[in-house]
Amino acid sequence: MIEYNFYCDESCHLENDDSNVMVLGAVWCPKEKRHEINERIKQIKKRNGVPERAELKWTKIAPAKMQVYFDLVQYFFDEKDLHFRGLLIPEKNQLDHKAYNQTHDDWYYKMYFGMLKAMLVPTDRYNIFIDIKDTHSSERAEKLRQVISNSMYDFSKNIVKQVKPIRSEEVQIMQITDVLIGAFGYNNRNFTDGKTRSTAKRTIIELIQKRSGYTLQKSTLLREDKLNLFVWRSSNA
């Protein structure tokens with residue numbers, strides 16, 4: 001039995017925002033490796049003149065700070081104990097929840113479980129951390145734990161030990177999650193005419209594509225261990 005920590009984040013998850021895509025994702029590692037990995041990320045920041053408590057985020061990628069993001073992505077692929085699972089909904093704005101007698105929140109939790117379930121096995125144990133988004137994060141965490149546990153018939157909640165909101169700026173590993181889901185979403189997002197795509201972000205996407213061997217536009221094999229991607233399709237999307 002191995003105990004794992006999952007660091008989960010989401011991008012463009014609101015029902016009526018300006019993005020056609022939604023991304024859910026998680027970076028995970030053995031719990032016993034978390035301190036070592038967090039320290040390595042701090043070292044990457046220090047080497048690039050970035051304060052330890054500064055948060056690395058996809059939205060902050062710019063030419064002046066390219067190297068720290070380049071090094072962060074390289075470290076993810078070089079570190080055997082780090083893994084990523086991402087789920088992309090490519091046409092979020094075309095969903096018809098009424099046809100399936102569900103709310104957007106109901107669907108959201110189904111998608112979150114869909115993102116995680118391929119990585120969970122009943123013989124191991126899991127701590128799942130989600131990024132704090134608002135004052136309802138604790139309620140969302142408890143709801144997510146219920147959905148996951150019930151779906152795995154883990155009614156005693158032994159498999160998923162906890163689902164806990166955390167602040168991404170305080171946990172280094174979570175910042176890798178933010179960058180990877182940002183790249184996954186950005187590479188599949190429709191932009192309005194005339195909007196210039198970021199050259200710096202394209203460079204990071206190209207690095208991920210090169211290191212993974214994937215386009216970031218299609219699902220990978222289910223057993224892909226390093227960068228596991230799933231592009232969700234709906235009959236009404």
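Just so we're clear, the structure is a prediction, and the values are computed from it rather than from any experiment.

Basis of the calculations
Residues numbered from 1 in each chain as written. Predicted model: local features only at pLDDT ≥ 70, side-chain atom pairs only at ≥ 80, totals over all residues. Heavy atoms only, no water. Helix = DSSP H or I, 4+ residues; strand = E, 2+ residues; numbered from the N terminus. Buried < 20%, exposed > 50% of the residue type's maximum accessible area, 1.4 Å probe, protein only. Contact = heavy atoms within 4.5 Å. 1 Å grid on protein atoms, 1.4 Å probe; cavity = no way out; pocket = protein on both sides within 12 Å on 5 of 7 lines; lining within 4 Å. Points joined across faces, edges and corners; volume = space filled by probe spheres on them. Nonpolar A, V, L, I, M, F, W, Y, C, P; charged D, E, K, R; others polar. Expected span 1.5 Å × (residues − 1). Arc of directions from axis to C-beta. Polar contact = N/O pair within 3.5 Å; in protein donor to acceptor, adjacent residues only side chain to side chain. Axes fitted to C-alpha atoms, helices over the stretch in contact; angles between N-to-C directions. Parallel < 35°, antiparallel > 145°, perpendicular 65-115°, else oblique. Left-handed = near helix turned anticlockwise from the far one by under 90°.

Colleague: Please clarify how the overall build of the chain should be interpreted in this entry.
Modeller: Tallying secondary structure elements over the chain gives 6 helices and 6 strands in all. Burial statistics for the chain: of 237 residues in total, 54% are counted as buried. Residue pairs in contact within the chain that sit at least 24 positions apart in sequence constitute 73% of those at least 6 positions apart.

Colleague: Would you mind going over the layout of surface pockets with me for this structure?
Modeller: Empty space among the atoms can be located by rolling a probe the size of a water molecule over them. Here the second largest pocket is characterised by a volume of approximately 260 Å³. Around the second largest pocket, the lining is made up of 14 residues, and of these Trp28, Ala118, Met119, Glu224 and Asp225 lie nearest the centre. Across the lining of the second largest pocket, the residue classes break down as 8 nonpolar, 2 polar and 4 charged.

Colleague: Help me understand empty space enclosed by the protein in this model?
Modeller: Summed over all chains, the structure comprises 1 cavity of 30 Å³ or more. Around the largest cavity sit Phe84, Leu180, Ala183, Phe184, Ile208, Leu216, Leu227 and Leu229, which together line it. Elements with a contribution of two residues or more to the lining of the largest cavity: helix H5 (172-186) and strand E6 (227-231). Top element by residues in the lining of the largest cavity is H5. It accounts for 3 residues. Across the lining of the largest cavity, the residue classes tally to 8 nonpolar, no polar and no charged.

Colleague: Before we go on, may I ask you to explain helix H6 (residues 199-212) in this structure?
Modeller: Each α-helix winds once per 3.6 residues, and so residues spaced three or four apart point in a common direction. Taking 1.5 Å per residue as the helical rise, H6 with its 14 residues ought to reach 20 Å, and the 20 Å between its terminal C-alpha atoms agrees with that figure. Taken together, the buried positions of H6 are Ala200, Lys201, Ile204, Ile205, Leu207, Ile208 and Ser212. End-on, the buried residues of H6 take up no more than an arc of 155°, which puts them together on one face. Facing away from the buried side of H6, by more than 90 degrees, are the exposed residues Thr199 and Lys210. Buried residues in H6 make contact with helix H2 (66-78), H5 and E6. The residue sitting at the N-terminus of H6 and contributing the capping side-chain oxygen is serine 198; that oxygen lies 3.4 Å from the backbone nitrogen of alanine 200. Note on H6: the residue one or two positions beyond its end, glycine 213, has a positive phi of about 80°.

Colleague: Is there a simple way to explain the environment of threonine 59 in this structure?
Modeller: Tracing the backbone shows threonine 59 in the loop between helix H1 (34-47) and H2. For threonine 59, a relative accessible area of 62% gives the class exposed. Taking the C-alpha atoms as reference points, threonine 59 and valine 179, separated by 120 residues in sequence, lie 8.4 Å from one another.

Colleague: Please explain the packing of H2 against H6 as it appears in this structure.
Modeller: For any two helices packed against each other, one specifies the crossing angle of their axes together with the interaxial distance. Across the interface, H2 lies against H6 with an axial gap of 10 Å and an inter-helix angle of 15°. In terms of orientation, H2 and H6 fall into the roughly parallel class. In the packing of H2 onto H6, the handedness of the crossing is right-handed. Judged by residue contacts, Met66, Tyr69, Phe70, Val73, Gln74, Phe77 and Asp78 of H2 engage Ala200, Thr203, Ile204, Leu207, Ile208, Arg211 and Ser212 from H6. Partitioning the contact of H2 with H6 into residue classes produces 9 nonpolar, 3 polar and 2 charged.

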